[in-house]
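Secondary and tertiary structure notes
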Amino acid sequence: MSRKIVAGNWKMNKSMTEAQALVQELNGMAGAWPSDVKVIISPPMLYLTQIAVNTGDNLHVAAQNCHAEKSGAYTGEVSAVQLKSSGVNFCILGHSERRQYFGETDESVNAKVKSCLAEGITPIVCIGELLEEREAGREFSVVETQLKGGLEGLSSEEIEKCIVAYEPVWAIGTGKTASSDQAQEIHAFIRTKLSEISSQEVADTVSILYGGSCKPANAKEIFSKPDVDGGLIGGASLNASDFNALINSY
Ligand code: 13P
């Protein structure tokens, strides 16, 4: 099975009308996408149901977050059970913006990962260091702690079902992308750590995506690296022609 994935994280952008227009454009382009690349879009939670029914077979839908509990008195939250019942099969978890603005920790991410796996939703587990952590030479230890924390207590079979996204925080929305060598170095490290907590076989099947100012102009170079299995794209996923170009960078 191919590990290649291009996923678009729309964050808190677009009206419903704009979202539907973008999906319609993408549906029109999907026939020409490489057949071994899985394409995922992650619109705002409110639009998921509507969009999930309007995407063709080549386009999958992800939530940007979920709550760890199945149901209950958690005003404003949405559970993995509810996502699954709405036709959503992927969920981004632990994005740095959620860690920064909403107090998410490796522990809360881990609980959400487990709730998604219990419902058959594929978690896209985001990890990545801050600029000051990289400048202090701590990028490997930060990434290792977040990876192990997010996947704590999972069996090898469960780890195999996860997608990991390496998003150095200093590269998100800044126009400063990691060089392809910097990305490869961390991705290879993540794969080694995955093999230590599961097996080499499992580590070899997990997709590890790069995120952070990934654009049509730099994607080919980044995606060419052996341990980079695609991208988690922010800004450039909001525009059909850029996202299409990213998918066709493979
Ligand atoms: P940008 O591509 O806008 O830098 O965002 C990356 C990201 O945060 C995807 O989750």
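The structure under discussion appears in the preceding block.
Note that the structure is predicted; figures quoted are calculated from it, not measured. (Residues numbered from 1 in each chain as written. Predicted model: local features only at pLDDT ≥ 70, side-chain atom pairs only at ≥ 80, totals over all residues. Heavy atoms only, no water.)

1. Digging into the overall build of the protein
What the protein contains, in helices and strands, is 12 helices and eight strands. Its C-alpha atoms give the protein a radius of gyration of 17 Å, within 12% of the compact-globule value 18 Å for 250 residues. Reported as C-alpha extents along the three principal axes, the dimensions of the protein are approximately 45 × 45 × 35 Å. Burial status across the protein gives 52% buried among its 250 residues. Put simply, of all contacts in the protein between residues at least 6 apart along the chain, 70% involve residues at least 24 apart. Summing over all exposed atoms, the protein offers an accessible surface of approximately 10900 Å²; the carbon and sulfur share of this is 50%. If the 21 positive side-chain charges of the protein are averaged to one point and the 31 negative ones to another, these points end up 2 Å apart. (Helix = DSSP H or I, 4+ residues; strand = E, 2+ residues; numbered from the N terminus. Rg over C-alpha atoms; globule rule 2.2 N^0.38 Å. Buried < 20%, exposed > 50% of the residue type's maximum accessible area, 1.4 Å probe, protein only. Contact = heavy atoms within 4.5 Å. Areas by Shrake-Rupley, 256 points an atom, 1.4 Å probe, with all protein chains shown as cover. Lys, Arg positive; Asp, Glu negative; His and termini not counted. Charge placed at Lys NZ, Arg CZ, Asp CG, Glu CD.)

2. A short note on the pairing of strand 1 (residues 5-9)
Most of strand 1 sits inside the fold, with five of its five residues counted as buried. Burial of the side chains of strand 1 extends over both faces: Ile5, Ala7 and Asn9 are buried on one face and Val6 and Gly8 on the other. With five bridges connecting them, strand 1 and strand 2 (residues 38-42) associate as parallel partners. Its bridge partner lying in strand 2, asparagine 9 is registered against serine 42. (Pairing = 2+ DSSP bridges.)

3. As for unusual backbone geometry
Backbone geometry places lysine 11, a non-glycine residue, at a positive phi of 55 degrees. By secondary structure assignment, the location of lysine 11 is in the loop between strand 1 and helix 1 (16-29). Judged by relative accessible area, lysine 11 falls into the partly exposed class, the value being 21%. One non-glycine residue, lysine 14, lies in positive phi territory at about 85 degrees. Relative to the helices and strands, lysine 14 is located in the loop between strand 1 and helix 1.

4. Description of the pattern of salt bridges
Enumeration according to the criterion identifies 15 salt bridges in this entry. Here lysine 112 makes a salt bridge to glutamate 104, at a shortest N to O gap of 2.6 Å. The residues lysine 112 and glutamate 104 share a single accessibility class, namely buried. Note that glutamate 129 is salt-bridged to arginine 134, the shortest N-O span being 2.7 Å. A single burial state applies to glutamate 129 and to arginine 134, both of which are buried. Bridged by salt links that share partners, the residues Arg3, Arg191, Asp227 and Asp229 form one connected network. (Salt bridge = Lys/Arg side-chain N within 4 Å of Asp/Glu carboxyl O.)

5. Let's talk about the site of the ligand
Not every one of the 13 residues close to the ligand is listed here, only the nearest: Lys11, His95, Glu167, Gly173 and Ser213. In this structure, an oxygen atom belonging to the ligand sits 3.0 Å away from a side-chain N or O atom of asparagine 9. Glycine 234 places a polar main-chain atom, nitrogen or oxygen, 2.9 Å from an oxygen atom of the ligand. Alone, the ligand offers 310 Å² of accessible surface; in the complex the protein occludes 96% of this. Along the lines of polarity and charge, the residues of the shell around the ligand split into four nonpolar, seven polar and two charged. (Near = heavy atom within 4 Å. Polar contact = N/O pair within 3.5 Å; in protein donor to acceptor, adjacent residues only side chain to side chain. Nonpolar A, V, L, I, M, F, W, Y, C, P; charged D, E, K, R; others polar.)

Keep in mind that these numbers describe shape and distance, not what the molecule does.
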